[in-house]
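Chain by chain, the residues run as shown.
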Amino acid sequence: MSVGWLEVVVATLFISIVVSLILARGRHWLEPGFWKIAAVITSSVMAITLVLLTVDTSRQISMGSKRVPSPSVINREIGYVYDAERMAMVPVLGKEVGLFGRVWSEEEAEKLVTKGKLVIQSRNCMDCHTLLGNGAYYAPDLTKAWLDPKWEKQLMPMTGAKTREEAMRAFLMNPDKYPTWVRRMPNLKLSEDEAMAVVAYLKWMSAIDTNGFPANFPEVKVSQ
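Scoring rules and cut-offs
Residues numbered from 1 in each chain as written. Predicted model: local features only at pLDDT ≥ 70, side-chain atom pairs only at ≥ 80, totals over all residues. Heavy atoms only, no water. Helix = DSSP H or I, 4+ residues; strand = E, 2+ residues; numbered from the N terminus. Rg over C-alpha atoms; globule rule 2.2 N^0.38 Å. Buried < 20%, exposed > 50% of the residue type's maximum accessible area, 1.4 Å probe, protein only. Pairing = 2+ DSSP bridges. Core = buried A, V, L, I, M, F, W, Y, C linked by side-chain atoms within 4.5 Å. Contact = heavy atoms within 4.5 Å. Phe/Tyr/Trp six-rings, centres within 6.5 Å; stacked < 30°, edge-to-face > 60°. Lys NZ or Arg CZ within 6 Å of the ring centre and 35° of its normal. Expected span 1.5 Å × (residues − 1). Axes fitted to C-alpha atoms, helices over the stretch in contact; angles between N-to-C directions. Parallel < 35°, antiparallel > 145°, perpendicular 65-115°, else oblique. Left-handed = near helix turned anticlockwise from the far one by under 90°. Nonpolar A, V, L, I, M, F, W, Y, C, P; charged D, E, K, R; others polar. Salt bridge = Lys/Arg side-chain N within 4 Å of Asp/Glu carboxyl O.

Trainee: Even after reading the chapter, I still don't get the overall build of the protein chain, so can you show me in this structure?
Mentor: Helices and strands together make up the secondary structure of the protein chain, namely six helices and four strands. Listed N to C, the secondary structure of the protein chain is α-α-β-β-α-β-β-α-α-α in terms of helices and strands. Relative to the 2.2 N^0.38 estimate, which gives 17 Å for 224 residues, the radius of gyration of the protein chain is 24 Å and therefore markedly larger than a compact globule would have. When the backbone C-alpha atoms are referred to their principal axes, the protein chain occupies close to 80 × 40 × 30 Å.

Trainee: Which parts of the structure should I look at to understand helix α5 (residues 164-173)?
Mentor: Quick reminder: α-helices carry 3.6 residues per turn. Residues three or four places apart thus point the same way. Most of α5 sits out of view: seven of its 10 residues are buried. Among the residues of α5, those classed as buried are R164, E165, A167, M168, R169, F171 and L172.

Trainee: Looking at this structure, how should I read the environment of N174?
Mentor: Here N174 shows up in the loop between α5 and α6 (192-206). Between the alpha carbons of N174 and L155 there is a distance of 12 Å; along the sequence they are 19 residues apart.

Trainee: What exactly am I supposed to notice about the pairing of strand β2 (residues 88-96) here?
Mentor: Here is the key point about a regular strand: its side chains alternate between the two faces of the sheet. Alignment of strand β1 (residues 76-83) against β2, held across seven bridges, turns out to be antiparallel. Pairing of R76 across the sheet is with E96, part of β2. In this antiparallel pair of consecutive strands, β1 and β2, the connection spans four residues, and M87 shows a positive phi of 55°.

Trainee: Explain the nonpolar core to me, please; I cannot follow it from the model alone.
Mentor: Grouped burial of nonpolar side chains is what soluble globular proteins tend to show. In terms of nonpolar packing, the biggest core is built from 44 residues, with I74, Y201, L202 and W204 touching the most fellow members. Counting residues per element, the ones that place at least two in this core are β1, α3 (106-122), α4 (150-159), α5 and α6. By residue number, the principal contributor to this core is α6, which donates 10 residues. The residues contacting I74, other than those within four sequence positions of it, are G98, L99, W104, A109, L112, V113, A200, K203 and W204.

Trainee: Just to check I follow, could you spell out the packing of aromatic side chains for this structure?
Mentor: Describing an aromatic ring pair means giving the distance of the ring centres and the angle of the ring planes. Considering all chains together, one arrives at three aromatic pairs under this definition. Taken together, a centroid distance of 5.8 Å and an interplanar angle of 70° make the contact between W151 and F171 edge-to-face. Highlighted residues: W151 in helix α4 and F171 in helix α5, separated in sequence by 20 residues. A single burial state applies to W151 and to F171, both of which are buried. A ring pair is formed by Y201 and W204, whose centres lie 5.8 Å apart and whose planes are at 40°; its orientation type is tilted. Note that Y201 and W204 are positioned in helix α6 at a spacing of three residues, about one turn of the helix. Sitting over the face of the ring of W104, R102 holds its NZ or CZ atom 3.9 Å from the ring centroid. Between the NZ or CZ atom of R164 and the centre of the ring of W146, over which it lies, the distance is 5.5 Å.

Trainee: What am I meant to see in helix α1 (residues 5-23) here?
Mentor: Taking 1.5 Å as the rise per residue, α1 with 19 residues should run 27 Å; its terminal C-alpha atoms sit 27 Å apart, in good agreement. If you follow the buried residues of α1, they end up packed against α2 (32-60).

Trainee: Could you clarify how one ought to interpret the packing of α5 against α6 in this entry?
Mentor: A pair of packed helices can be characterised by two numbers: the angle between their axes and the separation between those axes. Where α5 meets α6, the closest approach of the two axes is 9 Å, and the angle between their N-to-C directions is 125°. On the basis of their axis angle, the class for α5 and α6 is oblique. You can see that α5 and α6 cross each other, and the crossing is right-handed. For the pair α5 and α6, the contacting residues are E165, M168, R169, L172 and M173 in the first and E192, A195, M196, V198, V199 and L202 in the second. For the contact of α5 with α6, a count of residues per class yields eight nonpolar, no polar and three charged.

Trainee: Mind showing me how you'd approach the pattern of salt bridges here?
Mentor: Between side chains of opposite charge, a pair can form as their charged atoms come close. Evaluation of the coordinates by the stated rule reveals eight salt bridges. Two residues, E108 and R102, come together in a salt bridge whose shortest N-O distance is 2.7 Å. Assessed through its relative accessible area of 32%, E108 is described here as partly exposed. Between E219 and K221 there is a salt bridge, and its shortest N-O distance comes to 3.4 Å. The partly exposed category is assigned to E219, whose relative accessible area is 40%.

Purely spatial values, then, with no claim about function.
Right, here's the structure in full:
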């Protein structure tokens, strides 16, 4: 059974009230001493709850957790399906397919994904784009960019690429050569290795469980 925010709030309030009543027994509820005890207990319980929630959140968003997969996920098919119980789109993993024609080891994948993140930072991509909702809103959010059907429907034919990652690499190296919208991405002079790293980073990002954010991608099925 999963514990949601409502259960946490109710439990916190219940504990605060019960402990306050126990420690303030014998005092009338109109006495200042009663409310002083209640305030101290409630603040203490809230602080403890905040610490526990912070620790739990850190655990859930650390790389390698259920919500944030390890970098080696770039070797797998990544889908996106609707979870009726959670009422949100969630990523699903399929069979091993590799990336750019090879299967990357855990160490290699981590280095590649990390390089992709550093390339994005070095080019100030968040001046136009957003990642996990953070950044500017001039250009599309890149959190689930790997899942965008435009890569297969539009960019693969335009670039002549045979795979999604090859189309993404070609576009990133020469975005001015492949205009796809009224707003055009400038040529950031990415090398082939840098473009590959960015593609790996974006693929890894698409496997993060973000509770359906952003909610503008269709379902993507994968082979199990």
